[in-house]
Every structure is written in C-alpha cells, then in structure tokens.
Amino acid sequence: MGTGERDQEAHVSEAPTGAGGVSGPDSHTDRADRAAGDHAAGGTRVPAAPRTLAEALRSRPDSSLAALLRARPDLLSPVPNDLTQLATRAGTRASVVRALERLDRFALQTAQALAVAPDPAPYPVLLALLAGDEGDPAVEEALPGAVAGLREQALVWGTDERLRLVRTARELLAPSPAHPSPTGLGPTVAEATAGMSPGRVQEILRAAGLPATHDPVSAVAALTSLFTDRTRMSELLDTAPPEALAVLDRLVWGPPYGEVSADPAPPVRWLRDHGLLLPTSARTVVLPREAALHLRAGRAHRAPEPVAPAVTPAREYKPQVVDSAAAGQALTALTMVEDLLAEWNEGGPAVLRAGGLSVRDLKRTAAALDTTEQAAAFWLELAYAAGLLASDGEADERYAPTPAYDDWLDLPPAERWSRLAAAWLAATRTPGLVGDQDARARTLAALGPDLDRSPAPEVRHRVLALLALLPEGTAPDPETLLARLRWEHPSRTGPEDLRPRLARWTLAEAEWLGVTGRGALAGHGRALLAAAGDTARAPRSGATAPPAGLAAAAALAPHLPEPVDHVLLQADLTAVAPGPLRRPLAATLNVLADIESKGGATVYRFTPASVRRALDAGQAASDLHAFLAAHSATPVPQPLSYLIDDVARRHGHLRVGAASAYVRCDDDALLDEIVADKRSAGLRLRRLAPTVLAAQADPAALLEGLRAMGYAPAAESAEGDVVITRADTRRTPPRALPAPVPEGPPLPDETLLGAAVRAIRAGDEAATVVRKEAPRATPAEPGGLPRTTAAETLATVQAAVMTGSALWIGYVNADGAASQRVIAPVRVEGGFVTAYDHTADEVRTYPLHRITGVAELAEDPA
C-alpha cells in the first residue's frame, strides 16, 4: 500500500470537532454516545459516516477502544500518541497479519469476501457473496457477528452502507497471480483488460452480442454489466458448446488461470472470443471474477463455514472411572520424574557444546525409565520446566537436580503433581520436536535451546478447554477436535503448521501426566484449567500470585491412595510394596534395593551391590536389620539376613585412599590375592608394604575396578576415616524457572487498558482541538508549533493559572524533539510551569525556555 493510501485511512479531518475547554481525562469519554444523544434529543448535529479509519475510531466509546487494544495488544507497544497514530499502526502490515491470524474461519472468509467485493461494499453485497443467490440461514445469522468482530478489531470500518476493509488487509487477501485468493476467484474484468488493446476489447463486445462503444472504459463497463446480469449471462452461456462449459467447470472454483496453446481448441477459442476467458499473457488466460461469481451462483466460497464444527464424543465413561484412571497415571508421572532425577542424583550426563542432551544419553535415559525416547524427552522437559532439573554451570557442565527438587520431594503427592501440571500447561518448551531438524538441518536435542514454541501454551489451554466443554467422563474424537482447532485458526493451517502437531502432542502428554484419563478430562484436570484461567485474568501486582495448581491438587488428593509404611519381604530376596511408600521408607529402600518392576505394586530386589550401596551411605548391618524388621509385614527371610551380614563382613576390609591411589588391608594374604589376579593388571598395582598397595589410577577408578573383581572396598579420607557417600550430594546452584517465550506482546490488564485509552484520548484532544491564535503570535505552518515571544508566553501562562483555562503549547525537549501538548497550568515559579498535561495524562513541570509558544483553545462552536 502506498504512503498516500495509508495517510488517507489514518487522516484526521481538520473540521471543528466540538471540543472546547479541557477539564480532565473524563471529559473525553464516550463521545459517540453523546453525539447520538444530541440527535435523539432533537439536536441539529447528526453523526456523519466516518471518512477514514481514524474518524471511525474517534467515534467509538472508550469500552470499544479498550476492546480493540485487548484484541490487538501489539498496538499498545508503545502507547499511541493519538487516534491518528493508532489508526496508522492498525494498518501496518505486521499488525494486520497478526490480526488476521487470530480470526476464526468464518471471520476470515468474511474478510476474504470483502477483499473481492467493491470498495466500499454495502452489507447486502457482502451477504450475497457469502450466502449466494439462494441464501443461507446459517450465514445470515452469523454474518452480523463476524462483521462486528472485524469492525471491533479495526480490520473493517464504515457503516453497513459503506463497509471498507483496511487497505493492507485487502492487499493481503485480494486475488493476484502471485498470491491466489482462498476464494479461488481471479481478477475483475477491468483488472484483466487493463493491458488489452481497445480493438481487442471491441471485438469481445461484438462476439458477446454487445454494441460497440467509443472508448475502452465504457467497453469494459458494458462487458462487466453483461457478466453481472444474471438473465443475459444465462442466455450467453446457453449458446456455449458443452465442451466450453466443461472448461469453465474446471476453472470456476479455482485456480482461475489456465494455459492455452498458440492455436487453442474450439471450446477455448469460443470462451476467449466471448470474453469468458481473458488473456493475461501469450499462453495464459483467466476466468474474470464477475463470470465466475455468476457460475457460482454468487458465492465467493464453495463452502462457507459460519458455524464452528462440533467436537463429537468417541467414548463415554463414568466420571469416577476417568478420575481413578487419571489419578493412577498421575502417580506414574510422579514416579517417572523421581526415578529420572534419582538416576541423575550424583550427576547426570554432560551438556552438549550447543546445549541439550546427546542422542546416546537420551537413549540411556529411556532405557533406565523403561519407556520410549519420545516419552523420556517429555519427562526430561517436564522436570526442566518445573525447575527440578538444570545444568550445573561448571566447566565440565553436566545436568543434575536443583535444590528445588529436595523441597518438591517433601510436598504431598497431590501438590507435587500440581507443580508438574501447572509447569506443563504454561511452558513453551515443546518436547514433541525432539529428533526433528531445524532450518539448518541440525537435530533438535532434548533440553536444547531451540525447543521453545510460543503457541504451545495457548494450544494446550484450548485443547483442554474443548475437552471441558464435553460432559464429564466423555472422551472426544481426536479428528473432530483437530477440525475445531483448524476452524478457530485457519490461516495457520498448512504443511508446516505446528498447531495440529501441538494439539496431538497435548492429547498424548495430558494422558501421560494424568490430566486426562482414558482420553477424557479428569476432575482435577478441570480444576487445573479453571485455576490457570483465573491466574491469567488476575490483575498484575507486586504480590506473588498463588500457584495455579493448588485447586487441582485439592481435587486430585481424594483419588490418590494413602502411602503405606510397610513392605512384604519374600524368600527370593525381593520385597513387594503394596502401594506408594511413604517418603522416608521409599528413600531408604531405593538405596538398599534395586527396583525390579513397577505397577500397582512395586517389586524391589536385594543384591550384594545394593546392600553395599547402603553400607557406603553410612548404614551399619545392625541398622539394616532393624529397618527391615520395622517395616516388613512379614518376617525377615533368612537368606536376606545372611546376604546383609555377608556383605557387611567384607565391606571396608579393603581401604582405598589417595596417594595417586592406594589400597590398604590388615590381611596381607588378601592383598596377595588381588595382585595375583589378572583382572587387576589394568590398575597397575605394586606393593609398598605388607598391608599397602599403590595404584596408578585415581581412587574412583580403583574402587570400581576392585568392585568389578568381586571385592567390597570402602573409600578412605586423608585422615583415614571411611568416606560415606550419599545419593543427594550433587545439586546445581539455585536456578530460576525457565521463562516461557511469549507469542507477541503480553495481554494488557484492565488498569493498563484504562490508562492507555485515557492517554490516547488526551493526545487526540491535543492533536485535533480547535485553537485560536495569540494576538501577536507568529503564524505557524499547518501542523507546526505555535510561536510567541518569551514575554507573551509567560503572560499567557500566568493568566491561564489564574483563570484555570487550558493552553495549547509547543515544546522542545532536551533531545531536541518537538511536540504539541494541551496543558492546564497550575503554578509558574522559578522559570518553570507546573501543569496537568492532557496529552500525557499526568502532572508535569516544563522549563519556560523550552516552550516555543502558546495559544488559547477556541470556544466550543456548539
């Protein structure tokens, strides 16, 4: 769009607006309502149809301006100075594209129909384009709301007699060879014949049975009149060969362009001779828009969609069944996250140079969790989004749990789950992308830097909201849910559209996390969604808002089984936990035994390595016996007691310390056995004394080597004490939660909207108010600053302080930027004037030497 066209849309009329003295921001409220009231009361002023978008915005009440800024928050950054600037900004390409992307399918179809309609278009013409000649009750019912929505978002302006689409939107949506319209329509007759010779146009007129004209303009008008006349157009098509009608059938719904040879077939030649196909180049013809609309019975779209498709149910369950299934999966989710972080408790895998986790480490994690790589990526990203996992930031950077993980473990299960669910719902991290390639053909890694997708939270909220619309216990048909989302965001659909993939991932992730059960939204899932909506609508303040998951935790808690404080020990060196264990019991048992299987009952297995792990953590054999006796519902099996005693008897008999590394033992025969063992060759041991061996390996490698040979060495400090290793010693420094990447500017709250509307109104008052020149003021150019001498400026300002009147001033700030302002002076002192600035909607102090001039405001002509 040219600069002149944009200025025309945003132009502000210089005619009197009826603004008089300014008494404060409240005096600008609801001008349209006052004008309508003047007319209703029998006044002489009748609100005229707006000539520009700026005038249309000026006639809106404050509530409508606030709705516009709420729907298009990008217009607020920064707050426009006045309504002219707001109109200009609303017509910029970036803002219009963003606004079009937020439209639903029928609103977008309405805008597309306006783009192919005359400009301006009466409402009946728009209705005919969408409903066709035969009419459509659903379209007739939905169209007023769609037009109102487009008008509310400043994409359409004008009265119903003269509807205008914002020029930038028309440029984006109107058909062109480079950018075909979704309507499938081509150019008008006037556009298609723009480069055609006058003689050729006259030949088309004669072939169509029309009289010749004296100029191309009237010839194009005559041909257009023929194509838009239903009766004459039908008579012309009745004379067409059947093959020609078949050609039209292939072009009528688009694309409207076709290729022809130098010697076209008779049906194509007939269509070309009669103007039903107009040449756009030597080998290309196009079906003009007016002819296509006749063949379509007046419809711009083949299938208008005024009503959103319904999300149909696939299965129905009792709500209790859904809640129980979801609660069980919520417990599994907690177990997954705990097992993952327990696996990395002493330090996880290294961070790649480019960030993220390597493919090999992801596979190892998936194997450790006994799940797929895609699911493992989800649990990793979930723990990261919840602030439980991060990189340690050291030179040899590795992943490890954060200090917040320990606090999280101390929470009740329902609250632990709610923290995870709330983090998942708000995160822009998208684990479904793991394994895909970016624009540079690099594989996207789990925990990597390129997984943020700003639409993810919105899609998750919308999917859960659609599930919440169904009756409790009802699982949707996924395809109908995706169809609904495509209707709500049609302009984003396409082969590279991420939203359908995000929706599918949301359904899967919600099931893994326990937000849904058997495909239906659980009760605690509904509470999570409602709480998240309340948090998003809460006003901004310095106080910390309560977590969105507290209500969900309260809804989930009754469905979770009570933790048990006992296990069932069995003679095959296993223990069965009949339910979720209490935290201290589970923590100790995870050290003393290895998890063999999970499910409704977890099976633990005792091995020499697991018992040695408990001894390394500082437990004595007597402590282990007492622990098992206290927490076993069955007698402690004898094989398990023997295993503990046997490992304890050998544990610490060998001592490993740091020289480079050494082994010492009071039993020199045992040292002889180790030296003679061929498996110790890699440790490069040599005897320093009868009870000491030195090794050319670090202590950790020496410990692992001796344990691999079947021994049970213990690490030793420099003072000779046994080193106790605990599982919770590796933690990252405190980390903040990863910040979501927002999609566009944040939604403004009501306080910001109110302040913005007042500021825009005040700035518009300053820009459009009628001024009267000071008696001896230097005339200013149109749109320029007023010019008065310093003495005249001081005298006028002092007089305004005494009378309480408002002034129009020109002001130049310290950076040399000039502006016009409307102020109400309060005090003049020490070379400064303190005044209420209606433009900025606040009290400010201005140096008098920076005021270029002043002028009094004109009286209200009304």
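Quick caveat: nothing in here was measured; it's all calculated off a predicted structure.

Concerning helix α8 (residues 123-131)
Phase 1 of the analysis: Buried within α8 are the following residues: Y123, L126, L129, L130 and A131.
Phase 2 of the analysis: The first or second residue beyond α8 is G132, which carries a positive phi of 80 degrees.

Some words on the pattern of salt bridges
Phase 1 of the analysis: Using the criterion set out here, one finds 37 salt bridges in the structure.
Phase 2 of the analysis: Put simply, R364 and D361 hold a salt bridge, and the shortest N to O gap is 3.5 Å. Separated by 3 residues within a single helix, R364 and D361 lie in helix α19 (residues 359-369), roughly one turn from each other.
Phase 3 of the analysis: Given the relative accessible area of 13%, D361 is considered buried.
Phase 4 of the analysis: Its salt-bridge partner being R442, residue D438 comes within 3.1 Å of it at the nearest N-O pair.
Phase 5 of the analysis: What emerges from the salt-bridge pattern is a single network uniting R102, E458 and R499.

Notes on the pairing of strand β24 (residues 832-837)
Phase 1 of the analysis: In terms of burial, β24 is largely enclosed, as 5 of its 6 residues are buried.
Phase 2 of the analysis: Here strand β23 (residues 818-829) pairs with β24 via 6 bridges, running antiparallel. Looking at β24, one finds that I823 is bridged to D837.
Phase 3 of the analysis: Between β23 and β24, which follow one another and run antiparallel, lie 2 residues, and G830 among them has a positive phi close to 60 degrees.
Phase 4 of the analysis: Two strands pair when backbone bridges link them, and β24 and strand β25 (residues 842-847) are joined in this way by 6 bridges, in the antiparallel orientation.

Focus on the packing of aromatic side chains
Phase 1 of the analysis: For the coordinates displayed, the defined rule picks out 5 aromatic pairs.
Phase 2 of the analysis: Taking the centre distance of 5.5 Å and the plane angle of 55 degrees together, the rings of F378 and W512 count as tilted. With F378 in helix α20 (residues 373-385) and W512 in helix α25 (residues 499-513), the pair connects residues that are 134 residues apart, well separated along the chain.
Phase 3 of the analysis: In this structure F378 comes out as buried when scored by relative accessible area, which is 2%.
Phase 4 of the analysis: With relative accessibility at 29%, the residue W512 sits in the partly exposed group.
Phase 5 of the analysis: Three or more aromatic residues link up through ring pairs in this structure, and these residues are F378, W379 and W512.

Concerning the environment of S261
Phase 1 of the analysis: Its place among the elements puts S261 in the loop between β3 (257-259) and α16 (266-273).
Phase 2 of the analysis: The exposure class assigned to S261 is partly exposed, which follows from its relative accessible area of 35%.
Phase 3 of the analysis: In this structure the C-alpha to C-alpha distance between S261 and T284, which are 23 residues apart in sequence, comes to 8.7 Å.
Phase 4 of the analysis: Within polar-contact distance, the side chain of S261 engages the backbone oxygen of D263 at 3.1 Å.

Digging into the environment of V268
Phase 1 of the analysis: If you trace the backbone, V268 turns up in helix α16.
Phase 2 of the analysis: Since its relative accessible area comes to 17%, V268 is described here as buried.
Phase 3 of the analysis: Taking the C-alpha atoms as reference points, V268 and L245, 23 residues apart in sequence, are found 9.6 Å from one another.
Phase 4 of the analysis: Apart from residues no more than four positions distant in its own chain, V268 is found in contact with V247, V260 and L277.

Things to note about the nonpolar core
Phase 1 of the analysis: Counting residues in hydrophobic clusters, the biggest one holds 89 residues, and the most contacted among them are L57, L69, L86, F227 and L276.
Phase 2 of the analysis: In terms of residue count, the dominant contributor to this core is helix α7 (residues 105-116) (8 residues).
Phase 3 of the analysis: Listed in part, the 72 residues of the second largest apolar core include L334, W344, L382 and L409.

A closer look at the pairing of strand β18 (residues 685-689)
Phase 1 of the analysis: Note that β18 and strand β19 (residues 692-695) share 4 bridges and pair antiparallel. For R687, the partnering residue across the bridge sits in β19 and is L693.
Phase 2 of the analysis: Between β18 and β19, which pair antiparallel and follow one another directly, the connecting turn spans 2 residues.

Some remarks on the sheet that holds strand β5 (residues 284-286)
Phase 1 of the analysis: The strand order β3-β5-β4 describes an open sheet built from 3 strands, whose pairing is antiparallel. Two strands bound the open sheet, and with one partner strand each, they are β3 and β4 (278-279).
Phase 2 of the analysis: Across 3 bridges, the pairing between β3 and β5 is antiparallel. Residue G258 lies in a different strand from β5, and its bridge partner there is V285.

Focus on helix α32 (residues 668-676)
Phase 1 of the analysis: Within the sequence span of α32, burial applies to L670, L671 and I674. Taken down its axis, α32 places every buried residue within 100 degrees of arc, on the same side.
Phase 2 of the analysis: For α32, the side-chain oxygen to backbone nitrogen distance between the N-cap and A669 is 3.1 Å, and the N-cap itself is D667.

With respect to the confidence of the model for the chain
Phase 1 of the analysis: Overall, the prediction assigns the chain a mean pLDDT of 83, with 87% of residues at 70 or greater.
Phase 2 of the analysis: Mean pLDDT values for the elements of the chain range from 38 in helix α2 (residues 31-40) up to 96 in strand β11 (residues 520-521).
Phase 3 of the analysis: Low confidence marks residues 1-8, where pLDDT is under 50. Its contacts with residues over four positions away, or in another chain, come to 12 contacts.
Phase 4 of the analysis: Throughout residues 774-783 the model reports pLDDT below 50, and contacts reaching past four residues in sequence, or to other chains, amount to 9 contacts.

Overview of the sheet that holds β18
Phase 1 of the analysis: Spatially, the 5 strands line up as an open sheet ordered β18-β19-β17-β16-β20, and their pairing is mixed. Every interior strand has two partners, whereas the edge strands, β18 and β20 (714-715), have only one.
Phase 2 of the analysis: Where strand β16 (residues 655-657) meets strand β17 (residues 661-664), 3 bridges bridge the pair, whose relative direction is antiparallel. Note on β17: the bridge partner recorded for R655 is R664.

Some remarks on the packing of helix α29 (residues 608-616) against helix α31 (residues 638-650)
Phase 1 of the analysis: The geometry of α29 relative to α31 is characterised by a closest axis approach of 9 Å and an angle of 60 degrees between their N-to-C directions. Classified by the interaxial angle, the pair formed by α29 and α31 is oblique. Handedness of the α29/α31 crossing: right-handed. Contact with α29, carried on its side by P608, V611, R612 and L615, involves L643, I644, V647 and A648 of α31 and no other residues of that element.

Parameters at a glance
- Residues numbered from 1 in each chain as written.
- Predicted model: local features only at pLDDT ≥ 70, side-chain atom pairs only at ≥ 80, totals over all residues.
- Heavy atoms only, no water.
- Buried < 20%, exposed > 50% of the residue type's maximum accessible area, 1.4 Å probe, protein only.
- Helix = DSSP H or I, 4+ residues; strand = E, 2+ residues; numbered from the N terminus.
- Salt bridge = Lys/Arg side-chain N within 4 Å of Asp/Glu carboxyl O.
- Pairing = 2+ DSSP bridges.
- Phe/Tyr/Trp six-rings, centres within 6.5 Å; stacked < 30°, edge-to-face > 60°.
- Polar contact = N/O pair within 3.5 Å; in protein donor to acceptor, adjacent residues only side chain to side chain.
- Contact = heavy atoms within 4.5 Å.
- Core = buried A, V, L, I, M, F, W, Y, C linked by side-chain atoms within 4.5 Å.
- Arc of directions from axis to C-beta.
- pLDDT = per-residue confidence, 0-100.
- Axes fitted to C-alpha atoms, helices over the stretch in contact; angles between N-to-C directions.
- Parallel < 35°, antiparallel > 145°, perpendicular 65-115°, else oblique.
- Left-handed = near helix turned anticlockwise from the far one by under 90°.

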